[in-house]
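The primary structure of each chain is shown beneath.
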Amino acid sequence: MTGRCCLLIGLLALVLGLAWSGWTAAGTIYVYKDSRGVLHFTDLPNSKEYSPYRTCSEDDRDLESRQRILEYIQTYSRKHGVDPHLVQAIIQVESNFSPRARSAAGAEGLMQLMPKTQQDLGVYRPFDAQDNIRGGVAYLAQLLNQFPSLDLALAAYNAGPSQVQAYSGVPPFPETRRYVQKVQSLYQDLSVKTREYVQSGQ
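From a predicted model like this one, the values you see are computed outputs, not experimental measurements.

Caption draft 1: Layout of the packing of aromatic side chains. Going through the model one piece at a time under the given rule, you end up with 2 aromatic pairs. On the numbers, 5.6 Å between centres and 45° between planes, the contact of Y139 with Y157 is tilted. Taken together, the positions of Y139 in helix α6 (residues 129-146) and Y157 in helix α7 (residues 150-159) put the pair 18 residues apart, joining distant regions of the chain. In this structure Y139 comes out as buried when scored by relative accessible area, which is 14%. The exposure class of Y157 is buried, given its relative accessible area of 8%.

Here's what the structure looks like:
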């Protein structure tokens, strides 16, 4: 390899390194693989095919531990008077405790907040565990106050309050009905396990 070639490669690596550091500092990077196997990167995704891109080192450094997430759940549940077991069940069903989760519909983060909901709640970092849980618990508290039963509040969380109002009950959408059932089942299971743990005196 000639000296000129080595110099060009070195300069290219430097430029790409500077570009990448500036790019990642600006915000979340998204990626998708097209039908030819080519990866496309952007910080302004214009398609649902994009998903957040993280390297292994970034995952180790940035993703919140389960314990930290549980602490956030406790903090904001107390603030809004919501049972933390319910919040935990919703997070389990919505994102399986993955702060970087993003649905095909555009819902983001642990509690899968839609962009409009994020805007209403002042959530500016949806993939940040604390900011997402802060907004998600506040939203859940609003729904629990708005609707007279837990199943209606959960249906509104999944399908939107307007759908619950339109059908005067849980909408007849299979996804929403499965969602309500899964969250309630998990919520009950978490509550029972906690009671059993406390009663055991451990």
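Moving on from the model shown.
Caption draft 2: Highlighting the pattern of salt bridges. On inspection of all chains with the given rule, the structure shows 5 salt bridges. Among the salt bridges present, the one from R102 reaches E108, with a minimum N-O distance of 3.3 Å. Its relative accessible area of 9% is what places E108 among the buried residues. Between D131 and R134 there is a salt bridge whose closest N-O contact spans 2.7 Å.

Caption draft 3: Focus on the nonpolar core. Counting 37 residues, the largest nonpolar core has L86, V87, I90, I91, M111, I133 and Y157 as the members making the most contacts within it. At the level of secondary structure, the elements contributing two or more residues to this core comprise α3 (66-80), α4 (84-95), α6, α7 and α9 (174-200). Looking at this core, the element that brings in the most residues is α6, giving 8 residues. For I133, the contacting residues outside a window of four places in its chain are I69, Y72, I73, Y76, I91, L110 and M111.

Caption draft 4: Focus on the packing of α6 against α7. One way to put it is that α6 packs onto α7 with a least axis distance of 9 Å and a crossing angle of 130°. Viewed along their axes, α6 and α7 adopt a mutual orientation that is oblique. As α6 runs across α7, the sense of the crossing is right-handed. Residue-level inspection shows G136, Y139, L140, L143 and L144 of α6 in contact with α7, the latter providing L150, A153, A156 and Y157. Here the residues of the contact of α6 with α7 sort into 8 nonpolar, 1 polar and no charged.

Parameters and conventions
Residues numbered from 1 in each chain as written. Predicted model: local features only at pLDDT ≥ 70, side-chain atom pairs only at ≥ 80, totals over all residues. Heavy atoms only, no water. Phe/Tyr/Trp six-rings, centres within 6.5 Å; stacked < 30°, edge-to-face > 60°. Helix = DSSP H or I, 4+ residues; strand = E, 2+ residues; numbered from the N terminus. Buried < 20%, exposed > 50% of the residue type's maximum accessible area, 1.4 Å probe, protein only. Salt bridge = Lys/Arg side-chain N within 4 Å of Asp/Glu carboxyl O. Core = buried A, V, L, I, M, F, W, Y, C linked by side-chain atoms within 4.5 Å. Contact = heavy atoms within 4.5 Å. Axes fitted to C-alpha atoms, helices over the stretch in contact; angles between N-to-C directions. Parallel < 35°, antiparallel > 145°, perpendicular 65-115°, else oblique. Left-handed = near helix turned anticlockwise from the far one by under 90°. Nonpolar A, V, L, I, M, F, W, Y, C, P; charged D, E, K, R; others polar.

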